[in-house]
Amino acid sequence: MTIASKKALPLWSRFALALVALFVFTAGGAGAQTTDAPQENFVKSHYTKYEFRIPMRDGKKLFTAVYVPKASAFPGDAGPYPFMMDRTPYSVGPYGEDQYPHNLGPSDEFEKGGYIFVYQDVRGRWMSEGEFKEMTPHIDDKGPKDTDNASDTHDTIDFLLKNIPNNNGKVGIWGISYPGFYTSASMIDSHPALVAASPQAPMTDLFKGDDAYHGGAFMLSANFGFYAFFSPGHNPEMPHPTVGFDFGTPDMYRFYLNAGSLENLEKQYLKGSNWLFVDQMKHDTYDSYWEARNLAPHMKNVKCAVLVVGGWYDAEDLSGPYKTFYSTSKLNPETPTTLVEGPWVHGGWARGDGSHLGDVQFNAKTSEYFRANIQFPFFEHYLKGKGAAQPKAVVFETGTNVWRSFDSWPPKVAAKKTLYFHAGGKLSFEPPTEASGVDSYVSDPARPVPFVGYTTDTVPQRYMVDDQRFASYRPDVLVYESEILTEDVTIAGPIAPKLKVASSGTDSDFDVKLIDVYPENYPNPEETGRPNKRILDTPPLQMGGYQQLLRGEPMRAKFRSSWEKPEALTPGKMTDVDFDMPDLFHTFRAGHRIMVQVQSSWFPLTDRNPQTFTDIPSAKPEQFVKATEQVFHQKDAASGVEVLVMPAP
């Protein structure tokens, strides 16, 4: 058998190549590892590159780059080789059969392990034909010419099996973030040759907890920053140099506050140039647009083994891995499905060593461990028949900083308990007994609570574990804190705030943060001497009393009863605001305290709630009003945060 005919593409500028490499690094594609020249030479000396335009069932052709091991490239392993596939909207560059990326596969182990690597521009992106759709809706009952990501993957695999020699008939697929979504979508109605899939940080339900909205609140800074560069293309087209968006200031808080409403932001800066952002902004309830793009209900007929990967501190797609794992496990109980969660940011397991995030140390090279001991063995097992299968859940326990394995997630032994709010800012597992109890604060949209305590021009990934002392000092933030713990408390699984609130406004946000408070005598890193007043440079990091954010989520009160039909608050009337926050596996160590903070803005991480029941994207300046917020903590109206607590060892 010979390699099928193909048409080489012209070379393009070095600048554009560098730009696409950046996109692919961000997405977790072929260039996801930082490398040097010798590694680039390794790829070129060990693989032959081919480029194809693979026809789909509707006649559209998808651009695909295939890297095949050269004869005698790997002594002792002459093949046949399995396929490793990555489907991406971020470009499979560099283009041209004589142009090679610095790396292949999810990690270095694969590049040297004997695989055929396949990278594909998804439908409607870059050099692939067809129409691009945001999170292309899955079609459960297809006609002969109907296409979605499952069918495009199926047709691609058919082509590869027939036209690429020396393959062993098995295919694996992986991807991070948007490519993670394409991985999830590709394994529905699995092609018989697709035997292993790893959706990593997959977008699953954009409105309910992934990139677009959290708790009905628009993820302002991340969304605008993303769609300032991710715009509709005119495919087929090569990636081309672009000019980055000029915010005019390094202070995102100031920029978004001055911009006003979301509609003003779009009119003043994007000016109708990106319908993708407009779609995100305009669909601010859970309507048919979002329902069609929720992949979770469609995760059926998954026949391949699945390794779902996520990070406890993923600022972009935190909930997607859990929803993918839960739905795949429920709808395909016989399919081997594993959840892996580590102390990582978005895609952090694919780069770096994973030993720390911001000021928080994990005392282990968690990313290196994952790549060598979890991810590579998973694909080796199912694609080459080596080693053993993974357990149901492999998760890193923060606080104690150890890897743990379970036969279910959440662990069956974890029991529901509630951390109740009490008078005087107290927090405990005991419910309040007082006949009356309420705390209040004034929320002012003109002075929203910032989400970090420093000036930033982006959404820094470290904010997910940042010190929250700056917020605890504000009068518009309620703080509830436990006594010093006399023994370890370990929580595992989802977190559920259950609030009894009232507002003087007709709508409000309630942002809840779960925090680990370090002992006051906690040592500083590499402390060399006694602190003194002679601080002339960067201020020293003071870890004593550090308030480490563990989990935080907003909830827009108008969605308290329905995501589809928002309902105004009745000023002054007590109401329930209950919601869910993504899973966590953390141990509060003895000597620490547990803290919960409650506030009504988190800016510009989320857009401002005008605290008037209205169409928020087009809200007028006069509709942004102060509101007095009340949080109740009494016997018949107890507020708190429900967690799953592991039994004491």
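Up top is the structure.
Quick caveat, the model's predicted, so the values are computed rather than measured.

Things to note about empty space enclosed by the protein
Inference 1: According to the stated counting rule, one finds 7 cavities of 30 Å³ or more in the structure shown.
Inference 2: For the largest cavity, the full set of lining residues is Leu220, Tyr256, Ala259, Gly260, Ser261, Leu262, Leu265, Phe603, Asp607, Arg608, Ile616 and Phe624.
Inference 3: Mapped onto the lining of the largest cavity, the elements with two or more residues apiece are helix H7 (252–259) and helix H8 (262–270).
Inference 4: Counted by class, the lining of the largest cavity contains 8 nonpolar, 2 polar and 2 charged residues.
Inference 5: In this structure, the second largest cavity encloses a volume near 60 Å³.
Inference 6: Around the second largest cavity sit His214, Met219, Asp314, Ala315, Leu318, Tyr463, Met464, Gly552, Glu553, Pro554, Trp602 and Leu605, which together line it.
Inference 7: Classifying every residue of the lining of the second largest cavity gives 8 nonpolar, 2 polar and 2 charged.

A look at the packing of aromatic side chains
Inference 1: Applying the stated rule across the entire model yields 66 aromatic pairs.
Inference 2: Ring geometry for Phe224 and Phe277: centres 5.7 Å apart, planes at 85 degrees, overall edge-to-face. On the criterion of sequence distance, the pair formed by Phe224 in helix H6 (residues 220–227) and Phe277 in helix H9 (residues 275–282) is long-range, its members being 53 residues apart. The two residues Phe224 and Phe277 agree in class, both being buried.
Inference 3: Across the ring face of Phe132, the terminal group of Arg125 is positioned such that the distance to the ring centre comes to 5.2 Å.
Inference 4: Sitting above the plane of the Tyr115 ring, Lys384 keeps its charged end 4.3 Å from the centroid.

Re H9
Inference 1: Those residues of H9 that fall on the buried side of the exposure criterion are Leu276, Phe277, Asp279, Gln280 and Met281.
Inference 2: Buried-residue contacts for H9 involve strand E7 (213–214), strand E8 (217–218), H6, H8 and helix H10 (288–293).
Inference 3: At the N-terminal boundary of H9, the capping side chain belongs to Asn274, with an oxygen 2.9 Å from the backbone nitrogen of Leu276.

Reading the values: rules and limits
Residues numbered from 1 in each chain as written. Predicted model: local features only at pLDDT ≥ 70, side-chain atom pairs only at ≥ 80, totals over all residues. Heavy atoms only, no water. 1 Å grid on protein atoms, 1.4 Å probe; cavity = no way out; pocket = protein on both sides within 12 Å on 5 of 7 lines; lining within 4 Å. Points joined across faces, edges and corners; volume = space filled by probe spheres on them. Helix = DSSP H or I, 4+ residues; strand = E, 2+ residues; numbered from the N terminus. Nonpolar A, V, L, I, M, F, W, Y, C, P; charged D, E, K, R; others polar. Phe/Tyr/Trp six-rings, centres within 6.5 Å; stacked < 30°, edge-to-face > 60°. Buried < 20%, exposed > 50% of the residue type's maximum accessible area, 1.4 Å probe, protein only. Lys NZ or Arg CZ within 6 Å of the ring centre and 35° of its normal. Contact = heavy atoms within 4.5 Å. Polar contact = N/O pair within 3.5 Å; in protein donor to acceptor, adjacent residues only side chain to side chain.

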